[in-house]
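Survey of secondary and tertiary structure
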Amino acid sequence: MSKLRVFRAAILHLLDDPKQSLTSDIAAVQYFSDGLLLVRDGLVEKVGHTPDLLSSLPVDCEIIHFPEHLIIPGLIDTHIHYPQTDMIAAFGERLLEWLEIYTFPTESQFGDETHAAEVAAFFLDELLRQGTTTALVFGTVHPASVNAFFKAAQARRLRMIAGKVMMDRNCPAYLQDTPDSAYADSKALIDQWHGKDRLLYAVTPRFAPTSSDAQLAKAGQLLHEYPDVYLHTHVAENQDEVAWVAELFPKSRSYLDVYHQHQLLKPRSVLAHSIYLDQADRDCMAQTGAAAAFCPCSNLFIGSGLFNLKAMQDSGVRVGLGSDVGGGDSFSLLQATNNAYKVLQLQNQKLSAWQALYLATLGGARALYLDDKLGNFLPNKEADFVVLNGKGTPLLERRLAKAQSLHEKLFALLMLADDRSISATYILGEEAYCNPNT
Ligand code: GUN
Ligand code: ZN
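Along each chain, residues carry numbers from 1 onward, in the same order as the chain's sequence is written. Chains and ligands are labelled sequentially in the order written, the chains with letters from A and the ligands with numbers from 1. Local features in this predicted model are restricted to residues whose pLDDT is 70 or higher, and side-chain atom pairs enter the listing and the counts only when it is 80 or higher, whereas totals over whole chains, interfaces and linings include all residues. Note: side-chain values were computed over all heavy atoms of the structure, leaving out hydrogens and water.

1. Observations concerning the overall build of the protein
- Secondary structure assignment for the protein yields 16 helices and 16 strands.
- C-alpha extents for the protein along the principal axes are approximately 65 × 50 × 40 Å.
- Restricting to contacts in the protein with at least 6 residues of sequence separation, those with at least 24 account for 76%.
- Computed with a 1.4 Å probe, the accessible areas rest on the Shrake-Rupley method; for each residue, only the protein chains presented here act as cover. For the protein, the exposed area adds up to about 16500 Å²; of that, 51% sits on carbon and sulfur atoms.
- In this tally, Asp and Glu contribute negative charge and Lys and Arg positive charge; neither His nor the terminal groups of the chain are included. Working definition for charges: the position is that of NZ of Lys, CZ of Arg, CG of Asp or CD of Glu. In the protein, which carries 37 positive and 51 negative side-chain charges, the distance between the mean positions of the two groups comes to 5 Å. The helix count covers DSSP runs of H or I at least four residues long, the strand count covers runs of E at least two residues long, and both are numbered beginning at the N terminus. We call two residues in contact whenever any of their non-hydrogen atoms come within 4.5 Å of each other.

Below, the structure written as structure tokens:
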């Protein structure tokens, strides 16, 4: 017997990239002030106006009603490190020192699968509490870190992408692998996890400075052997890092070109940060189908720089939003949209509420090439969604009461809301988190 679940609330999703338009009637935005979301066996069957759909429902159909709430698609985090959960908000350093002082010692603990499992469980529950339903996730160099993560994600029925870090130089000996061990360990993890339930694997060289040419070649070999796995790494985040890469790889035209020369850029390659790029780099990303993860909380917190969204979008590069915890200081993609707005203000760019919601949902799904499964409520997509409460804080409630247009309301919500406004998170149409305070 197939199972129908019906949800009633205001419903908002995007059918396409809203581009830079601000007008609320643009074709990309679909809004139902009183909507129904029909979910059958975990997949979206239909979304529409309640008066249009009510009569078609079976007479005994139970409707799960969230009066005065807004349902949006589950949020998609295109770059995050689960092992850095316990070192979030580390004081006073920029990228290269931050890695040495805080990150590497913290990651050294993840050879212990019991420790890894405890952190993974907290991490995934925290994502759900914040409305994030899918993420592209760094493990550590230890295969145990990835096994623990995938087991925890599988138990929660989540669509998650993760991989074991590859790093064979310029890091402490206790965290180093080799080209051959990285290849063999990654291959075994791909065979065990890629495509199992909703889980997918990402080949994960940490960044160019910590991988030799030989290791980057092994990463390329894995992508060649497994064409549908992901490539997940960092690029051009910090100016000292960029200068270091120029010294380490004198034959490459640019930092991005190091990856291009090793054939690591393709659809399903995701490059976190992508700040210090030139036009040739952006064209290369667009042509290869590689995507950028825009991580504003991290770029501000560890003082890295300002992501140029307009230049990326004008060049045709796919862009998603990332929290980059623990460089980022929040798990909340609502906080990420707030910081994205400010990063773009500093560059005289305006991030509309439509664009912000797009980056956190359908844009992220497109960056991950998962838009056939996620990102909005078109039929047959996986029914992961968030129920938002506009009364999550007294200030938000007050501000929304004054807002006139849908754009003004959504903008205030995306700027002011946080976990207090997440009433519930649903995975495949089943409740996975319910806020005890609402
Ligand atoms: N570059 C290489 N490793 C890291 C990391 O763990 N976090 C961030 N933000 N950048 C990196
Ligand atoms: Zn990162």
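Moving on from the coordinates now.
2. Notes on unusual backbone geometry
- For the peptide bond that leads from V325 to G326, omega is 5°, which places it in the cis range.
- Within the element layout of this structure, G326 appears in the loop between β13 (318–321) and α12 (333–345).
- The residue R157 is not glycine, and still its phi comes out positive at about 60°.
- Checked against the element boundaries, R157 lands in the loop between α4 (143–155) and β7 (159–163).
- Burial classification: accessible surface area is computed with a 1.4 Å probe over protein chains only, and a residue below 20% of its type maximum counts as buried, one above 50% as exposed, and the rest as partly exposed. Given a relative accessible area of 40%, R157 falls into the partly exposed group.
- Backbone geometry places H273, a non-glycine residue, at a positive phi of 85°.

3. Concerning the site of ligand 1
- Nearness of a residue to a molecule or strand requires only that one of the residue's heavy atoms be within 4 Å of it. Close to ligand 1 lie H81, Q84, L95, W98, L99, R206, F207, H234, E237, H273 and D324, which account for all nearby residues.
- Q84 is positioned with one of its side-chain polar atoms (N or O) 2.9 Å from an oxygen atom of ligand 1.
- At a separation of 3.5 Å, a nitrogen atom of ligand 1 approaches a polar side-chain atom of H234.
- For ligand 1, the accessible surface in isolation is 280 Å², of which the surrounding protein chains cover 100%.
- Sorting elements by how many residues they give to the shell around ligand 1 places helix α2 (residues 95–107) first, with three residues.
- The class makeup of the residues in the shell around ligand 1 is four nonpolar, four polar and three charged. Side-chain atoms alone can form a polar contact between residues adjacent in sequence; in general such a contact is a pair of N or O atoms within 3.5 Å, and within protein one must be able to donate a hydrogen while the other accepts it. Charged means Asp, Glu, Lys or Arg here, nonpolar means Ala, Val, Leu, Ile, Met, Phe, Trp, Tyr, Cys or Pro, and polar covers whatever is left, Gly included.

4. Concerning the coordination of the zinc ion (ligand 2)
- Here the coordinating atoms are restricted to nitrogen, oxygen and sulfur within 2.8 Å of the metal centre, or 3.2 Å for Na, K and Ca, and because water is not among them the sites may look incomplete. Each protein donor to the zinc ion (ligand 2) is listed here as H79 (NE2), H81 (NE2), H234 (NE2) and D324 (OD); together their distances run 2.0 to 2.3 Å.
- Around the zinc ion (ligand 2) sit four donor atoms, and with donor-metal-donor angles ranging over 87 to 171° the site reads as irregular.
- Among the residues examined, H234 registers a relative accessible area of 6% and is labelled buried. Each label reflects the angles at the metal, where four donors whose angles all fall between 85 and 135 degrees are tetrahedral, four or six donors whose opposite pairs open beyond 155 degrees and whose other angles stay between 65 and 115 are square planar or octahedral respectively, and the rest are irregular.

5. A few points about the pattern of salt bridges
- We define a salt bridge as a contact between a side-chain nitrogen of Lys or Arg and a carboxyl oxygen of Asp or Glu at a distance within 4 Å. Enumeration over the complete set of coordinates arrives at 23 salt bridges.
- Close ionic contact of K164 with D177 constitutes a salt bridge, the shortest N to O distance being 2.7 Å. On the criterion of sequence distance, the pair formed by K164 in the loop between β7 and β8 (165–166) and D177 in the loop between β8 and α5 (179–193) is long-range, its members being 13 residues apart.
- By relative accessible area, D177 is classed as buried at 7%.
- When the shortest N-O distance is used, the salt bridge between K218 and D180 registers 3.7 Å. Residue K218 is located in helix α6 (residues 213–225), and its partner D180 is located in helix α5; the two are separated by 38 residues in the primary sequence.
- The class for D180 is exposed, based on a relative accessible area of 51%.
- Ionic contacts of the salt-bridge type, sharing partners, join the residues R159, R198, E382 and D384 into one network.

6. Looking at the packing of helix α3 (residues 113–129) against α4
- Remark: α3 packs on α4, axes separated minimally by 8 Å, with the N-to-C direction vectors making an angle of 40°. Comparing their axes, α4 and α3 come out oblique. Crossing handedness for the pair α3 and α4: right-handed. Every residue of α4 that contacts α3 at E113, A116, A117, A120, A121, F123 and L124 is listed here: A144, S145, N147, A148, F149, K151, A152 and A153.
- Partitioned by chemical class, the residues of the contact of α3 with α4 number 11 nonpolar, two polar and two charged. Axes here refer to lines fitted to C-alpha atoms; in helices the fit is confined to the stretch in contact. Angles between the N-to-C directions go from 0 to 180 degrees. Roughly parallel here means an angle under 35 degrees, roughly antiparallel means over 145, roughly perpendicular means 65 to 115, and every remaining angle is called oblique. Left-handed describes a crossing whose near helix is turned anticlockwise from the far helix through less than a right angle; right-handed describes the clockwise counterpart.

7. Thoughts on a nonpolar patch on the surface
- Judged by side-chain polarity, L300, L306 and L346 come together as a nonpolar surface patch covering roughly 270 Å² of accessible area.
- When you line up the elements, L346 lands in the loop between α12 and α13 (353–360).
- The class of L346 is exposed, set by a relative accessible area of 64%. Patches here: salt-bridge-free residues with over 30% relative accessible area, like charges joined within 9 Å, nonpolar side chains (Val, Leu, Ile, Met, Phe, Trp, Tyr) joined within 5 Å.

8. Thoughts on the pairing of strand β15 (residues 422–427)
- The buried fraction of β15 amounts to six of the six residues, a majority that puts the element mostly inside the structure.
- As paired strands, strand β14 (residues 385–389) and β15 are joined by four bridges and run antiparallel to one another. Looking at the pairing, F385 lines up with Y426 of β15.
- We treat two strands as partners when DSSP finds at least two bridges between them. Examined bridge by bridge, β15 and strand β16 (residues 430–434) share four bridges and lie antiparallel to one another.

9. Some words on the packing of aromatic side chains
- Centre distance within 6.5 Å is the pairing criterion for rings of Phe, Tyr and Trp, where only the six-membered ring of Trp is used; planes under 30 degrees apart are then read as stacked, over 60 as edge-to-face, and the remainder as tilted. Counted under the stated rule, the structure contains 15 aromatic pairs.
- Taking 5.0 Å as the distance between ring centres and 70° as the angle between the ring planes, the aromatic pair formed by F7 and Y426 counts as edge-to-face. In this pair, F7 sits in strand β1 (residues 4–14) while Y426 sits in strand β15, placing the two residues 419 residues apart along the sequence. In this pair, the class of F7 matches that of Y426, namely buried.
- Among the aromatic residues, those joined into a cluster by ring pairs are Y82, F110, F123, F149, F150, W193 and F331.
- Here the guanidinium or amino end of K196 rests over the ring plane of W193, the centre of that ring lying 5.1 Å away.
- In this arrangement the basic side chain of K218 is found over the ring face of Y183, its NZ or CZ atom lying 5.0 Å from the centre. For a lysine, the NZ atom is tested; for an arginine, the CZ atom; a charge sits over a ring if that atom is within 6 Å of the ring centre and within 35 degrees of the ring normal.

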